[in-house]
Amino acid sequence: MTLATDSTRTIVTGSKSATPTRRPGSSRNREQLISWAFLAPFLIAFALFLVWPIVHGIILSFTDQSLTGAGGSFIGFANYAEALTDPKMWQSMGNTVWFTLLSTVPLVVIALLMAALVDRGIPGQWLWRLSFFMPYLLASTVISQIWVWIFNPQIGAANNILKAFGLEPLAWLQNPDTNMLSIVIATVWWTVGFNFLLYLAAMQNIPPQQYEAASLDGAGPWRQFWSITLPQLGPATVLILILQILASLKLFDQAYQMLGGVASDTTRSIVQYIYEAGFVSYRFGYSAAISYVFFALIVIIGVAQALISRRRKEQL
């Protein structure tokens, strides 16, 4: 028995039937082509603005390329050997690490206190949130000019505060003993708002039933903060520490602008030294080599933080 219809084009012969359909492979290939078409703009931008600069920088680091266009010949690991024995490079690296240590602790502690203050439900929360986060929205040039005026030795507010307490005025940005501290203070005021928002979001995700149960057991606000809030802020604290350390290691904008582009031996960061090697001394190849030494340091710090976080999670 044979049946045929134009609508389905189905052929039935005895107990067997055959229905022509599209091959699964062709449909899958079409979906893959559509997916690659959507990904293509991102992949092109990723290759042009990230992959190629990295590859080009590695190639430059093995040459004596100059900003003037001279050089460009392959010199092997000579730039890396010079960088590893360059005292100014290590001094700049030490300044960067010192700034990171000085800024990271207050940026975590102050942000935590600010978030706890707002989370307790004080009046005018919108105003507190706005005032805490507003400096983070300003450009580095604006922040630098504000604090240059505050640290002005003659008319600055910082010295007026010192005089009010009977202390001697300071040349904040001109004195090598205080210029790094001045940059740290400006940076903390500028960027603490971002960490404040992260902590506040983490606190507001803590179930309120836990605080209600603690209150019924007689726990006061301090005991609740110590026993409930702090333990559950561990993941947020790890995230903030990682982001803050990586951001502090890239110190350049505010230091360069607050000091008028003239870095001292106590404030020159590794990023500024890379800039000076490339655009002041015209040594592009050497500048690239220093940048990859610095990149290796960041990778080591990132891997160490990941291992510490992993061990902590395993212990919990």
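The structure under discussion appears in the preceding block.
Residues numbered from 1 in each chain as written. Predicted model: local features only at pLDDT ≥ 70, side-chain atom pairs only at ≥ 80, totals over all residues. Heavy atoms only, no water.

J.: Would you mind going over the overall build of the protein in detail, with residue names and values included?
T.: Looking only at helices and strands, one finds 13 helices and three strands in the protein. Taken over the C-alpha trace, the protein has a radius of gyration of 29 Å; the compact-globule value for 316 residues is 20 Å, which it surpasses by more than 25%. Along the first, second and third principal axes, the C-alpha atoms of the protein reach 110 × 75 × 40 Å. Within the protein, the proportion of its 316 residues that are buried is 33%. Residue pairs at least 24 apart in sequence account for 62% of intrachain contacts in the protein once pairs closer than 6 positions are excluded. As presented, the protein carries roughly 19,700 Å² of accessible surface, and 68% of it is formed by carbon and sulfur atoms. Across the protein, the centroid of the 18 positively charged side chains sits 15 Å from that of the 14 negatively charged ones. (Helix = DSSP H or I, 4+ residues; strand = E, 2+ residues; numbered from the N terminus. Rg over C-alpha atoms; globule rule 2.2 N^0.38 Å. Buried < 20%, exposed > 50% of the residue type's maximum accessible area, 1.4 Å probe, protein only. Contact = heavy atoms within 4.5 Å. Areas by Shrake-Rupley, 256 points an atom, 1.4 Å probe, with all protein chains shown as cover. Lys, Arg positive; Asp, Glu negative; His and termini not counted. Charge placed at Lys NZ, Arg CZ, Asp CG, Glu CD.)

J.: Could you give an account of the environment of leucine 107, with specific residues and numbers?
T.: In this fold, leucine 107 is placed in helix α3 (residues 87-119). Not counting the four nearest positions on each side in its chain, leucine 107 is found in contact with Thr187, Val188, Thr191, Val192, Asn195 and Gln244.

J.: Please provide a residue-by-residue account of the nonpolar core, values included.
T.: The nonpolar side chains of soluble globular proteins are, as a tendency, buried together. Ranked by size, the top nonpolar core spans 37 residues in total, and within it Phe151, Ile183, Phe196, Tyr199, Met203 and Met258 carry the most contacts. Secondary structure elements with two or more residues in this core: α3, α5 (140-150), α6 (157-164), α7 (179-204), α10 (234-249) and α11 (253-258). Here the element with the most residues in this core is α7; it accounts for 12 residues. Excluding residues within four positions of it along the chain, methionine 203 makes contact with Leu112, Ala115, Ala116, Asp119, Phe225, Thr229 and Leu233. Counting residues in hydrophobic clusters, the runner-up holds 17 residues, among them Ala83, Tyr286, Tyr292 and Phe294. (Core = buried A, V, L, I, M, F, W, Y, C linked by side-chain atoms within 4.5 Å.)

J.: Can you explain the packing of aromatic side chains? Please cite residues and give values.
T.: Enumeration over the complete set of coordinates arrives at 20 aromatic pairs. Taken together through their ring pairs, the aromatic side chains of Phe252, Tyr256, Tyr275, Phe279 and Phe284 make up a single cluster. Sitting over the face of the ring of tyrosine 286, arginine 283 holds its NZ or CZ atom 4.4 Å from the ring centroid. (Phe/Tyr/Trp six-rings, centres within 6.5 Å; stacked < 30°, edge-to-face > 60°. Lys NZ or Arg CZ within 6 Å of the ring centre and 35° of its normal.)

J.: I'd like a description of the pattern of salt bridges, backed by residues and values.
T.: Applying the stated criterion across every chain yields a total of three salt bridges. Glutamate 82 is the salt-bridge partner of arginine 283, the closest N and O atoms lying 2.9 Å from each other. Taken together, the positions of arginine 283 in the loop between α12 (270-280) and α13 (284-315) and glutamate 82 in helix α2 (residues 78-84) put the pair 201 residues apart, joining distant regions of the chain. On the accessibility criterion, arginine 283 (32% relative accessible area) is partly exposed. In this structure, the salt-bridge partner of arginine 268 is glutamate 276, at a minimum N-O distance of 3.0 Å. By sharing partners, the salt bridges in this structure join Asp265, Arg268 and Glu276 into a single network. (Salt bridge = Lys/Arg side-chain N within 4 Å of Asp/Glu carboxyl O.)

J.: Let's hear about a nonpolar patch on the surface: which residues, and what values?
T.: On the surface, Trp36, Leu39, Phe42, Leu43, Phe46, Leu50, Val51, Trp52, Ile54, Val55, Ile58 and Ile59 cluster together into a nonpolar patch covering about 1,100 Å² of accessible area. Along the chain, leucine 50 falls in helix α1 (residues 24-61). (Patch = residues over 30% accessible without salt bridge, like charges linked within 9 Å, V, L, I, M, F, W, Y side chains within 5 Å.)

J.: Tell me about unusual backbone geometry, and name the residues and values.
T.: With a phi close to 65°, tyrosine 282 is a non-glycine residue in the positive phi region. Mapped onto the elements of the fold, tyrosine 282 is located in the loop between α12 and α13. By relative accessible area, which is 40% here, tyrosine 282 ends up partly exposed.

J.: Go over the side chain of serine 182, please, and point to the residues and values.
T.: On the secondary structure map, serine 182 appears in helix α7. For serine 182, a relative accessible area of 0% corresponds to the buried category. Those residues within four positions of serine 182 in sequence are excluded, and the remaining contacts are Phe151, Trp172, Leu173 and Met258.

J.: How would you summarise α6 if you had to cite specific residues and measurements?
T.: Buried within α6 we find Ala158, Asn159 and Leu162. Along the long axis of α6, the arc covered by the buried residues comes to 90°, so they all point the same way. Summarising the geometry of α6, the exposed residues directed more than 90 degrees from the buried face are Ile161 and Ala164. Note on α6: the residue one or two positions beyond its end, glycine 166, has a positive phi of about 75°. (Arc of directions from axis to C-beta.)

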